[in-house]
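# Architecture and fold: a report
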Amino acid sequence: MRQGGFQKRPVQLASSKTYLMLEELRQRLQTLQKPPGIDDVPGLSPLGVEAIDDILGGGLARGALHEIAAASEAHMASAAGFVLGLSSPCPALCRASAPSRQDVDGRVKAAHDGRHLVWIAEDMAQSESGALYGPGFEAFGLRPERLVTVQAARKRDLLWAMEEALHCRAITAVIGEMRDGEIDSVAVRRLSLAAAESGALALLLRATPPTDASTAATRWLVGASPSFVSVIPGRERSERARNPETSTVLASGFRVPASGRPRNDIGGIGSESEHVPCFAVSLTRNRRGPTGSWILQWSDIDERFRLTTHAQPVATPLLDRPHSQVA
Amino acid sequence: MLSLWLRRFSTDRIARSRSRQRAPLIVTGKRGNAELVVAVDDAADKLGLTPGLALAQARAMHPVLDVIPEDIEADASLLENIADWCLRYTPLVACDAPDGLLFDISGCAHLYGGEDALVADLSSRLEAAGFAFSIAIAGSIGAAWAAARFGKPGSHARGTERTLLASLPLAALRLAPETVASLARVGLKRIGDIVDLPRAPLTARFGTELLRQFDRALCIEDEPLTPRLPVAPYVAEQRFAEPIAREDDVLAITARLAGRLKVALERRGDGARRIELTLFRTDGAVRRIAAGTSRPLRDPDDIRALFVERLAALADMLDPGFGFDMARLSVTVAEPCAPEQIGIDRREDAAAIGRLVDHLSARLGSQRVRRLIAQDSHIPEFAAGSVPAQMTGTDDGWAAFRRYRDDVDLSPRPLRLFTRPEPIEAVAEVPDGPPLRFRWRRALHEVIAAEGPERIEGAWWSEHSGQVSGNLARDYFRVEDKSGLRFWLFRAGLYRNFVQSAAAPTWFLHGTFA
């Protein structure tokens, strides 16, 4: 308001010199207030999905704070998986068409050896959503030995630890897992500044959709999405060809038999069942403007996100049957 | 060796906590079935009361007595506090329960300007604290102990033990009362009485203890002192003319002491893994603050940074009172630390992570900052765990885990695992099949797809009764519900066992997939 007042009545100022000085101060203030992560981005880490990368201006801005909220408490694991996908070192490197696994591994190793990920969670997180499990961690192209986990007793400790971790130069991403409750804008600002300084990715993972206003660079709402028939090139299994009548392979590696009932299939364990998580992702806030919703899946072959083209899960209608038939 | 005997230890402890002494004070305790006097103060002593008297008898002799029941734990903890406080004189302080302390002051006395000056300093401080005491210095622990309690307190030169001890009663040899009594029965009362006796008959009759204590007191046999606290390999300390109380000053002195330690550490090629800052308060309280590190550390700035966090974490506990008059920084655990080359990127990254881990651990506690490790187990909850990040192991097990995973073609594992599998109510279509629907945390989940089972046998060789699901074999299923949530469920026990017992199978939810 005050700014508007000055602009309307510049003539009333004592002299043009004062006016110039004020103008200069105002500009200085503006540069000081310029939110980190918009213009002077230390780097972008693309998700590997063009539709999203375009909206984000090339990828997720490093050196900025991003909020990722689970659609509900139950979707926490999916949100955690999405966060790990974002902090995975790979997307930046594998924009070329689907390199082989060994190839990616080798390059990732070269570029990111020694760089760590810090996962900070409140005490409650462990009992509510379970502890991070190393063997499951690897599917996201991250090495469990490069992870430091921190348990914080209070939210204050959580924010403090996040800020400290962001100051460390050997960190690629800092993930703070918050249960519920609000986070004040001062804390967000501090984290954004710390991230901007170091160029690391600051990711705030929240268990419930936040209601507070955010000054984070982006805010995402993530939930699990039913798996679809595999559409990833190179993953087209001979399954269908072999058993066209009996089963449909879901992207997750799960099978839905034609009868529509979950089937006990011992033979399916192992090579057939690679795990492809699907996410229903919506970008609810983006400092650059546009938002949107997508259904993504994580491809564990080339370790990147892919856009799923099917709008409706193939398997669901088959199973949408009244309970009475079963009971 | 210096032996300090607090003559009226129990009663002094009680008197210290009171503003005014009312009546002669005695401390009583149960010995066998009788309530006996175990300690008396000077006033009671003058009245002729001695330890060992029955309480009823004492009361009969003097109706006006202040009788306090003994508190062995309070005595012990006070003695330990005094021992800690005495670390200012020498790092080798041992508790000599119930009411004495032993110091090895060799090489330390000159810091105070000689033994007499040290004794004078100790005396004035103990007097101010309100303790009755007697101090003796001699060549051996036994001789000092005997002189403090039975002989002439003060300093006795090495080599004079024989004359010093000759006139003292045999109880001064730290013998069991029965031995002393049986020696008295044959007319041996003073140490001088046994000096020239043949050793073999003495040993045959009174056991080896008598002559061992005798030899120890006379420096014929060595007696090791067992210090209460392990002696730190590197120590630097600073006394202050004026007590300091501000946190900034404490940190500044920490950095200065760390700078001195650095020289010593570098000379031996060591780095500190655990550092302890000991602050001696003017009123005798001792504050010990320890900090661990994740890699051998030498740099004074790094050490100072550690204590910044430690002090921030226990700001209230520091409680300087009237100030600290001495500070000591000791490296309690040191490890060889190769000379560092600065500027190679990867090493610097590792150092930066180490610094961060130390920083977080110092503030939040080292148990809260962890690293994931893989363990050699096929049972999911034991296959991976976490250890404090400061504990650096040579192998975190992930390489072995990857080999194992590739060998057996392990099916996917969940992203998050519950430490204790959570019981669920599940309905399965066929008894050994995946569940059709299940209820977890009061929410019903309709299963639309399932994969499994993956059978994981229990550890039949161990009797883990602590596990929720017992030691049974488990059939794991990966299931997906209608909304796309993916879970890792298992049924505990094999189907054929349920057929026999007619019990319903129990299901658990063990983890969630992304």
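Predicted, not measured: the structure shown is a model, and the values here were computed from it.

### Here we look at the overall build of chain B
- A count of helices and strands for chain B gives 18 helices and 20 strands.
- Counting every position in chain B, which comprises 514 residues, the buried fraction comes to 39%.
- Within chain B, contacts between residues at least 6 apart in sequence are counted, and of these 57% link residues at least 24 apart.

### Re the overall build of chain A
- What chain A contains, in helices and strands, is 11 helices and 14 strands.
- The burial tally for chain A puts 50% of its 327 residues in the buried class.
- Contacts in chain A between residues at least 24 apart in sequence constitute 71% of all its contacts with a sequence separation of at least 6.

### Here we look at the sheet that holds strand β8 (residues 154-155) of chain B
Residue and element names in this part refer to chain B.
- If you walk across this open sheet you meet the five strands as β5-β6-β1-β7-β8, and the pairing is mixed. Two strands bound the open sheet, and with one partner strand each, they are β5 (93-96) and β8.
- As paired strands, β5 and strand β6 (residues 100-103) are joined by four bridges and run antiparallel to one another. Along β6, the bridge assignment pairs D96 with G100.
- Helix α4 (residues 72-85) contacts β5 and β6 of the sheet and is inclined by roughly 160° relative to β5.
- Together, β1 (2-5), β6 and β7 (134-137) form the strand contacts of helix α6 (residues 141-149), whose direction differs from that of β1 by roughly 35°.

### Looking at the pairing of strand β13 (residues 369-374) of chain B
All names here are of chain B.
- Extensive coverage of β13 is indicated by the burial of five of its six residues.
- Where β13 meets strand β14 (residues 384-388), five bridges bridge the pair, whose relative direction is antiparallel. Each residue of the ladder has a partner; that of R370, found in β14, is P388.

### Some points on the packing of helix α12 (residues 247-268) of chain B against helix α13 (residues 300-313) of chain B
Residue and element names in this part refer to chain B.
- In contact at an axis separation of 8 Å, α12 and α13 are set at 145° when each is read in the N-to-C sense. Note that α12 runs across α13; the crossing there is right-handed. Within the contact between the two elements, α12 uses E247, V250, L251, T254, A255, A258, G259 and K262 and α13 uses P300, I303, R304, F307, V308 and L311.
- Across the contact of α12 with α13, the residue classes break down as nine nonpolar, two polar and three charged.

### A few points about the confidence of the model for chain B
- In this model, chain B carries a mean pLDDT of 85, and residues with pLDDT of at least 70 account for 95%.
- Among the scores for the predicted complex, ipTM is 0.70 and pTM is 0.69.

### Some points on the nonpolar core
- If you look at the biggest cluster of nonpolar residues, it comprises 118 residues, and the most contacted ones within it are I120(A), V174(A), A202(A), L203(A) and L489(B).
- Sequence-distant contacts of L489(B), that is, excluding residues within four places in its chain, are made with I424(B), A426(B), P435(B), F438(B), F477(B), V479(B), W507(B), F508(B), L509(B) and H510(B).
- If you look at the next biggest cluster of nonpolar residues, it comprises 75 residues, including F9(B), I135(B), A144(B) and L183(B).

### Some details on the environment of N286(A)
- With respect to the helices, strands and loops of the structure, N286(A) is situated in strand β12 (residues 278-286).
- Not counting chain neighbours up to four residues away, the residues in contact with N286(A) comprise I55(A), L56(A), T218(A) and T291(A).

### Details of helix α11 (residues 208-217) of chain B
Residues and elements named next belong to chain B.
- L210, Q213, F214 and A217 are the residues of α11 that are buried. Here the buried residues of α11 occupy an arc of 100° about the axis, which is enough to place them on one side.
- Lining the buried residues of α11 we find α6, α7 (161-166), α8 (177-185), α9 (191-195) and α10 (199-206).
- One or two residues past the end of α11 sits C219, with phi positive at roughly 65°.

### Description of α10(B)
- Where burial is concerned, little of α10(B) is hidden: zero out of the eight residues are buried.
- Where α10(B) terminates, the next one or two residues include G207(B), which has phi positive at roughly 90°.

### Describing the pairing of strand β14 (residues 304-307) of chain A
Residue and element names in this part refer to chain A.
- Examined bridge by bridge, strand β13 (residues 292-299) and β14 share four bridges and lie antiparallel to one another. Residue pairing across strands places L296 opposite L307, the latter belonging to β14.
- The loop that links β13 with its antiparallel partner β14 comprises four residues; one of these, E303, has a positive phi angle of about 55°.

### As for the packing of α6(B) against α11(B)
Residues and elements named next belong to chain B.
- For the pair α6 and α11, interaxial distance at closest approach is 6 Å and the crossing angle is 90°. Relative to α11, the element α6 lies roughly perpendicular. Along the contact surface, α6 presents I141, G142, A143 and A146, while α11 presents Q213, R216 and A217.
- Taken together, the residues of the contact of α6 with α11 sort by class into four nonpolar, two polar and one charged.

### A short note on the sheet that holds strand β10 (residues 270-281) of chain B
All names here are of chain B.
- On the basis of which strands lie adjacent, the open sheet formed by four strands has the order β9-β12-β10-β11 and antiparallel pairing. Because the sheet does not close on itself, it has two edges, and the strands there are β9 (234-244) and β11 (286-297). Here the strands of the sheet are splayed against their neighbours by 15° on average, with no regard to which way each runs.
- As paired elements, β10 and strand β12 (residues 324-336) share 11 bridges and run antiparallel to each other. Each bridged residue has a counterpart across the sheet, and for G271 the counterpart in β12 is E335.
- Against the sheet, α12 engages β9, β10 and β12, with an angle of about 155° to β9.

### Section: the confidence of the model for chain A
Residues and elements named next belong to chain A.
- Summing up the model confidence of chain A, the mean pLDDT is 71 and the portion of residues at 70 or higher is 64%.
- Scored below 50 in pLDDT, residues 1-8 makes one contact in the model with residues more than four places away or belonging to other chains.
- Low pLDDT, under 50, characterises residues 37-41; the stretch is placed with 11 contacts to residues that sit more than four places away or in other chains.

### Digging into unusual backbone geometry
- If you check the backbone angles, R441(B) has positive phi at about 50° while not being a glycine.
- By the element assignment, R441(B) lies in the loop between β16 (435-440) and β17 (443-456).

### Comments concerning the environment of A170(A)
- Along the chain, the position of A170(A) falls in the loop between α8 (155-166) and β7 (171-178).
- Residue classification places A170(A) among the buried positions, given that 21 C-beta atoms sit within 10 Å.

Reading the values: rules and limits
Residues numbered from 1 in each chain as written. Chains lettered and ligands numbered in written order. Predicted model: local features only at pLDDT ≥ 70, side-chain atom pairs only at ≥ 80, totals over all residues. Helix = DSSP H or I, 4+ residues; strand = E, 2+ residues; numbered from the N terminus. Buried ≥ 20, exposed ≤ 12 C-beta atoms within 10 Å, placed from the backbone. Contact = placed C-beta atoms within 7 Å. Pairing = 2+ DSSP bridges. Axes fitted to C-alpha atoms, helices over the stretch in contact; angles between N-to-C directions. Left-handed = near helix turned anticlockwise from the far one by under 90°. Nonpolar A, V, L, I, M, F, W, Y, C, P; charged D, E, K, R; others polar. pLDDT = per-residue confidence, 0-100. Core = buried A, V, L, I, M, F, W, Y, C linked by C-beta atoms within 7 Å. Arc of directions from axis to C-beta. Parallel < 35°, antiparallel > 145°, perpendicular 65-115°, else oblique.

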